[in-house]
Amino acid sequence: MRKVIAAFNMTIDGNCDHTAGIADEELHQHYTDLLDNAGVILYGRTTYQLMQYWQTLIKDPSGEKAMDDFAKAIDKIPKIVFSRNLKNTDWQSAKIATDPIEKVISELKRQSGKDIFVGSRSLIIQLINLNLIDELQLCIQPVIAGKGLQLFDQIEGRVVLKLIKTKSLKSGATVFYYEPTR
């Protein structure tokens, strides 16, 4: 059965502002590899609209291999966007969800294929609270942001995690792979 994997960047103090981390070549390659091994990625409106930036690099590549490769990976992966406000996605590989997230996850898990990735704070919170996350891949950036949006501030109950593995990046960032204990 396909796993639901939350993959997210955050600072050491829990800030999940995308501008607070260190987006270097190795980090882009890490996420390119992740997307190449995913079947679909789920986004909320805000993160989806931030990710649309990568469409510009499809039309006008940056010349930086890691960034251009990430742009290609994010362009080709199917995306499902959860939004009450968006009427269209303006991206061929994206569609707007018409059912509640629990139903979409249930249907996706029953299908064959690669794992289901979640890349938005709001969806990660909802899915943790619904006990629907099978794995968390948290890339902890070696930065103290000091303020900003926190990833886990709306979790409704205690969640105990089991560390599966870690991956250290040259920037000092570390990816922690966890499974919730149930």
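Residues numbered from 1 in each chain as written. Predicted model: local features only at pLDDT ≥ 70, side-chain atom pairs only at ≥ 80, totals over all residues. Heavy atoms only, no water.

**Section: the side chain of Gln141**
Its location among the elements puts Gln141 in strand S6 (residues 135–141). Looking at Gln141, the relative accessible area reads 1%, which means it is buried. Sequence-distant contacts of Gln141, defined by excluding residues within four places in its chain, comprise Asn9, Met10, Thr11, Ile12, Gly21, Ile22, Leu27 and Ala173. (Helix = DSSP H or I, 4+ residues; strand = E, 2+ residues; numbered from the N terminus. Buried < 20%, exposed > 50% of the residue type's maximum accessible area, 1.4 Å probe, protein only. Contact = heavy atoms within 4.5 Å.)

**A short note on the sheet that holds strand S1 (residues 4–11)**
Strand order in the open sheet formed by eight strands is S4-S3-S2-S5-S1-S6-S8-S7, and the pairing between neighbours is mixed. Because the sheet does not close on itself, it has two edges, and the strands there are strand S4 (94–96) and strand S7 (161–168). For this sheet, the mean angle separating the axes of adjacent strands, direction not counted, is 25 degrees. As defined by bridge partners, S6 adjoins strand S8 (residues 174–180) across five bridges and the pair is classed as antiparallel. Paired with Leu136 across the bridge in S8 is Tyr178. This element, helix H1 (residues 25–36), spans S1, strand S2 (38–44), strand S5 (115–118), S6, S7 and S8 of the sheet and lies at about 170 degrees to S1. (Pairing = 2+ DSSP bridges. Axes fitted to C-alpha atoms, helices over the stretch in contact; angles between N-to-C directions.)

**Some points on the pairing of strand S3 (residues 79–82)**
Burial along S3 is two-sided: Lys79 and Val81 and Ile80 and Phe82, pointing in opposite directions, are all buried. Pairing of S2 with S3 involves four bridges; the strand directions are parallel. Looking at S3, one finds that Ile41 is bridged to Lys79. The pairing of S3 with S4 spans three bridges and is classified as parallel. Among the inter-strand pairings, Lys79 is bridged to a residue of S4, identified as Ala94.

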